[in-house]
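So the chains spell out like this:
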Amino acid sequence: MLIILRSTMNRMSLRRGASGSRPTARRKSNLSTFLRDLNDSQIRAVLHPPDIPLQILAGPGTGKTTVLTARIAFLISHHKILPHRICALAFSNKAADDMRIRLTELLGERSARLIKIGTIHSFCAAYLRKYAAYVRLNASWAICDEEESRRRIKALLQPHKELLKSHNIKTNSIDISQAVSSLKERCTSLEEVARCLDNAIRLANLDENTGTESRRRILGSVKAEVHREYDTKLQSANLLDFSDLILYAAKLFASNQSFGLWCQHLVVDEFQDTDNAQYELMRQLVTMNRCITVAGDPDQAIYGWRSANVKNFRKMEKDFPLTQRVHLDKNYRSTGSILATSRAIISQDKTRISTDVIAVKPWGFTPVLLSFAHPKDELQFLVSEIQRLREASNGMLRFRDFAVLVRTKMQRDFVEHMLQKELIPNRVNKGFGFFGRQEVKILLAYLELVENESDEDAFSTAVQHPARGIGSATISKICSVAQRCRRSVLQIAEHNSSAQAAEELETITMHQPARRGLAEFTSIIQNLRKMKREGCSVFRMLSYLKVELHFEEYLQRNYEDDWQRRVRHVEGLMVYAQDLEAKIANEQLTGSPLQYFLHTCKLGNDAKTSEDQDDFDSVIISTCHAAKGLEWPVVMIPFVTQSSYPGIFNKKEERRVLYVACTRAKALLYLTFSSTPSADSEDGDTVYKCSEFLSDVISNESLHTTQVPSITGIDLSALANILERTPP
Ligand SMILES: Nc1ncnc2c1ncn2[C@@H]1O[C@H](COP(=O)(O)OP(=O)(O)OP(=O)(O)O)[C@@H](O)[C@H]1O
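The structure displayed is predicted, hence computed values, not measured ones.

**Focus: the environment of Asn-93**
Here comes step 1: Looking at the secondary structure, you find Asn-93 in helix H5 (residues 93-107).
Here comes step 2: Each C-alpha atom of the pair Asn-93 and Ile-117 lies 9.5 Å from the other, and the pair is 24 residues apart in sequence.

**Quick notes on helix H19 (residues 438-451)**
Here comes step 1: Compared with an ideal rise of 1.5 Å per residue, which puts 14 residues at 20 Å, H19 spans 20 Å between its outermost C-alpha atoms and is within 8% of the ideal.
Here comes step 2: Buried within H19 are the following residues: Glu-439, Val-440, Ile-442, Leu-443, Leu-444, Ala-445, Tyr-446, Leu-447, Glu-448, Leu-449, Val-450 and Glu-451.

**Some details on the sheet that holds strand E3 (residues 116-119)**
Here comes step 1: Reading across from one edge, E3-E2-E6-E7-E1-E8 is the order of the 6 strands in this open sheet, with parallel pairing throughout. In the strand order of this sheet, the two ends are held by E3 and strand E8 (324-328), each with one partner. If you compare each strand with its neighbour and ignore which way they point, the axes differ by 15° on average.
Here comes step 2: Bridging between strand E1 (residues 54-58) and E8 involves 5 bridges; their strand directions are parallel. From the neighbouring strand, Gln-55 faces E8, where its bridge partner is Arg-325.
Here comes step 3: Across the face of the sheet, helix H7 (residues 120-130) comes into contact with strand E2 (86-90) and E3 while running at roughly 115° to E3.

**Concerning the UniProt feature "binding site: ATP" (unreviewed entry) in the chain**
Here comes step 1: Sites flagged by UniProt as "binding site: ATP" (unreviewed entry) map to Ala-58, Gly-59, Pro-60, Gly-61, Thr-62, Gly-63, Lys-64 and Thr-65.
Here comes step 2: Setting aside residues up to four positions removed in sequence, Gly-63 forms contacts with Gln-42 and Leu-328.
Here comes step 3: Residue placement: Thr-65 occurs in helix H4 (residues 64-77).
Here comes step 4: Apart from the residues within four sequence positions on either side, Thr-65 is in contact with Arg-102 and Asp-269.

**Regarding the site of the ligand**
Here comes step 1: The immediate surroundings of the ligand are formed by 17 residues, with Lys-64, Thr-65, Thr-66, Arg-333 and Glu-631 found nearest.
Here comes step 2: A distance of 2.9 Å separates an oxygen atom of the ligand from a polar atom in the backbone of Gly-61.
Here comes step 3: Taking Gly-63, its main chain carries an N or O atom lying 3.1 Å from an oxygen atom of the ligand.
Here comes step 4: Notes on the ligand: free accessible area 640 Å², of which the protein chains cover 80%.
Here comes step 5: Among the elements that make up the shell around the ligand, the one with the highest residue count is H4 (3 residues).
Here comes step 6: Among the residues making up the shell around the ligand, the classes are represented as 3 nonpolar, 9 polar and 5 charged.
Here comes step 7: Two domains each provide a minimum of three residues to the shell around the ligand, namely domain 1 (30-132 + 256-331) and domain 3 (336-433 + 613-723).

**Describing the sheet that holds strand E16 (residues 665-674)**
Here comes step 1: Strand order in the open sheet formed by 6 strands is E11-E16-E15-E12-E14-E13, with parallel pairing between adjacent strands. If you trace the sheet from one side to the other, it starts and ends with strand E11 (368-372) and strand E13 (426-428), each paired once. Ignoring which end each strand starts from, the neighbouring axes of this sheet average 20° apart.
Here comes step 2: Here 5 bridges tie E11 to E16, and the two strands are oriented parallel to one another. Looking across to E16, one finds that Ser-371 is bridged to Phe-673.

**Remarks on unusual backbone geometry**
Here comes step 1: A cis amide bond, omega -10°, links His-465 with the succeeding residue Pro-466.
Here comes step 2: Structurally, Pro-466 can be placed in the loop between helix H20 (456-464) and helix H21 (472-484).
Here comes step 3: Residue Pro-646 is reached from Tyr-645 by a cis peptide bond, and omega for that bond is 15°.
Here comes step 4: Position of Pro-646 among the secondary structure elements: in the loop between strand E15 (632-637) and helix H29 (651-662).
Here comes step 5: With phi around 60°, Lys-80 is a residue other than glycine that occupies positive phi space.
Here comes step 6: Mapping Lys-80 onto the fold places it in the loop between H4 and E2.
Here comes step 7: For Asn-394, which is not glycine, the phi dihedral falls at a positive 55°.
Here comes step 8: Residue Asn-394 is classed as exposed on the basis of its relative accessible area of 56%.

Calculation rules
- Residues numbered from 1 in each chain as written.
- Predicted model: local features only at pLDDT ≥ 70, side-chain atom pairs only at ≥ 80, totals over all residues.
- Heavy atoms only, no water.
- Helix = DSSP H or I, 4+ residues; strand = E, 2+ residues; numbered from the N terminus.
- Expected span 1.5 Å × (residues − 1).
- Buried < 20%, exposed > 50% of the residue type's maximum accessible area, 1.4 Å probe, protein only.
- Pairing = 2+ DSSP bridges.
- Axes fitted to C-alpha atoms, helices over the stretch in contact; angles between N-to-C directions.
- Contact = heavy atoms within 4.5 Å.
- UniProt positions renumbered as here; feature names shortened; annotations may be inferred.
- Near = heavy atom within 4 Å.
- Polar contact = N/O pair within 3.5 Å; in protein donor to acceptor, adjacent residues only side chain to side chain.
- Areas by Shrake-Rupley, 256 points an atom, 1.4 Å probe, with all protein chains shown as cover.
- Nonpolar A, V, L, I, M, F, W, Y, C, P; charged D, E, K, R; others polar.
- Domains from an automatic or database assignment.

What follows is the structure in structure tokens.
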């Protein structure tokens, strides 16, 4: 079969030769040159017939993403599938951006722009903007992000606290938030969620038991009631959380199969991390054409805590009985020694489906494993090692070639603080994203209220920043009036609703300055609405806000230490708005530009910002989860103690987390730990042990060393060879 496939490629090259330097021909040449560099299994996956469902199963660094990109290019250029009839779902915005960049190189900008590439959430949002009415959504619906969702659940849990306490039941809003999203991610439809909630509440009412059983049911009933109330409140505020996006889109596709007709091929990366609801949506999307390609690695399934279900590989085989598999087994990223050490970690799990890989690169430098007395010494060592390697490599290694991967946010802050103290340029890789910064959130809140006047959260943030003498007590009274009178919170604030509401509002005690402040606030919102009606761009709305709120002075007054940085973030937001406008000018936009902008911000916390540009030379600090799909020449993993890996979490999944982290390294890997309390512990006297996941590494001397690599002379050439760089 491969001979036939290779001859297809040759024909493509021949055609290129005949047609000279025409752009299309050049692109074909790009693709055929690209295909020529792939190995046999990769080629088999790229050229697999489009109408036979395909699973690409492979370990880390084996080229899954590379192959998916080439497959899309091949579907378009060889099988003549129109670009806009292909849907490619990536796990993150960054991964989607990278895929589009690679496809632009292979197919040219015009074709690449037409392919529907994005995260599953942004894909759902686009559909729901266009067809909101089909699933009974108000057209101006907005997105409730994780932070807001948690805040809402915390408030709803409050009234149940007494009951829980009286039964000695310990829980908190984080547990309940997780239960809410986990139920939505496990279910495959909104109806199923409703049925599960009904059942939980019915069971609790039937309960006549005492003791543990009774406590379990009370907790179940509280979870279900909070969940139900949370959903009702979201509905009345015209909001969808991230899980709702999937469930509503699934409802849309289930309601009418023709919605999925356009999709002639669905491509899914990181399939191991899809949950049940997402799988169901994908299944519905391809019900008609049944053409689907997925790629994934069960060893890299690290989102089980978010209900990702690795069994979806089997489910797919059942739903699409013709499914075939291609295994990729050559790792192009890491050296042999890094892979061997990583394998010693993951192979401890005897129940895993083995997807072992062979290193294409040489054995290289043995991973460094070191213990320290204290975390400060540990980080000090990493800092001096970064400096030493940069200098010793004569500039071949730059700051951006180093990544420090951590397990928790507290560890991340600790590392960030240390690097800053030592004047090492650094940046945090997603997670605590750009759109979560306070100054950005304030401006977005004003715009959110313009788009959705029922958004109480946006109202609360906007009306209090800058301060107008309106406190949280007044805000919650305004919100209560809105709920009682069934009006939007903005209508109440504007005195622009029923006589009953006006009367109720008069009873709220507000000092004169606060009344004036509220009037000024509503007039700003009115002006913004007028701008929106007149078709003003989001950029102009932001410019207006910046001036009207004297925002720079506000930041200067309130953030003495770092106001300049915050001003830069505001400028960054405005550039983002401008870029997006340029982008949508070429696209068929669904919904209003402002709604599109706001949805993109909510879904784009991991999107590339100006700081992410390749020319920004800084050490990356990332959680292991956020490092998925990425790679760096040097990876340092501090705090590899038993209390962090696995800590209190699921052992199998945490082992995979450490495995994913190690396999991000191309040439050098450092694993360190300290015996005194780790950065995320307040536990003064405990002695920490090295993670049990490293026991097989420790017992095998060929898999680790306590000597740091010398990278002078011959070693420097070896490093250059591994990284395919020119030695200095
Ligand atoms: N045939 C090949 N020849 C040379 N390099 C390759 C080949 N295939 C992939 N690579 C390189 O290997 C590295 C890993 O590829 P890619 O990111 O596509 O792998 P992956 O399987 O998606 O990785 P992971 O699942 O670990 O994120 C990249 O630097 C890529 O350019």
